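Spelled out from the first residue to the last, the chains are:
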Amino acid sequence: MTRLAICPGSFDPVTNGHLDIIRRGAKVFDEVIVAVFNNQSKQPLFTVEERVYLLEEATADMNNVSVDSCSGLLMDYAQSKNAQAVLRGLRAVTDFEYELQITSMNRKLNEEIETFFMMTNNQYSFLSSSMVKEIAKYQANVSDLVPQVVEDALINKFR
């Protein structure tokens, strides 16, 4: 049986921190689907289609990683893909509190799908998509925070 994990997020935009979790998760699971969700509580900079494209480009060297988009509940999506797990990254204690609530609700919706948390690499513990967008908005250098394709997209968005 293939061990399949869903790595969900809004990825607006994908950062090197996200890629660290995806890359490390791809070593643990046979297959990882990075699922782009549209978070209703956020105002995205990039469309879902743009985020999917950026992720596809950034993960092109990862043979067992694919990218998809979806709307609706994560547990419904995971079940439709026959996933055994959800892969989430944690940066700090505040992430854990938020993720614990989501994981508890997801377990209530489908107790067959486990959630695995992976601590981010220390060099990315401060990094968030929101911070990247804020920095890029003022034309500051984000080259060590995001892959090149994302840096280029940010430059184009904020011209």
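The text that follows walks through the structure, step by step, so that each part is easy to find. On a predicted model such as this, the values are computed, not experimentally measured, just so you know. (Residues numbered from 1 in each chain as written. Predicted model: local features only at pLDDT ≥ 70, side-chain atom pairs only at ≥ 80, totals over all residues. Heavy atoms only, no water.)

Between helix α2 (residues 48–58) and helix α6 (residues 148–157), the least distance of the axes is 9 Å, while the angle of their chain directions is 150°. One finds that α2 runs roughly antiparallel with respect to α6. In contact with E50, Y53, L54, E57 and A58 of α2, α6 contributes V149, V150, A153 and K157. Across the contact of α2 with α6, the residue classes tally to six nonpolar, no polar and three charged. (Axes fitted to C-alpha atoms, helices over the stretch in contact; angles between N-to-C directions. Helix = DSSP H or I, 4+ residues; strand = E, 2+ residues; numbered from the N terminus. Parallel < 35°, antiparallel > 145°, perpendicular 65-115°, else oblique. Contact = heavy atoms within 4.5 Å. Nonpolar A, V, L, I, M, F, W, Y, C, P; charged D, E, K, R; others polar.)

Below, the discussion takes up the pattern of salt bridges. Between side chains of opposite charge, a pair can form when the charged atoms approach closely. Scanning the entire structure with this criterion turns up nine salt bridges. Of the charged contacts in the structure, one is a salt bridge between E99 and R88, with a shortest N-O distance of 2.6 Å. Of this pair, E99 sits in helix α4 (residues 93–109) while R88 is found in strand β4 (residues 85–90), placing the two residues eleven residues apart along the sequence. The exposure class of R88 is buried, given its relative accessible area of 18%. Notably, a salt bridge pairs D95 with R91, separated by 2.9 Å at the nearest N-O pair. (Salt bridge = Lys/Arg side-chain N within 4 Å of Asp/Glu carboxyl O. Buried < 20%, exposed > 50% of the residue type's maximum accessible area, 1.4 Å probe, protein only.)

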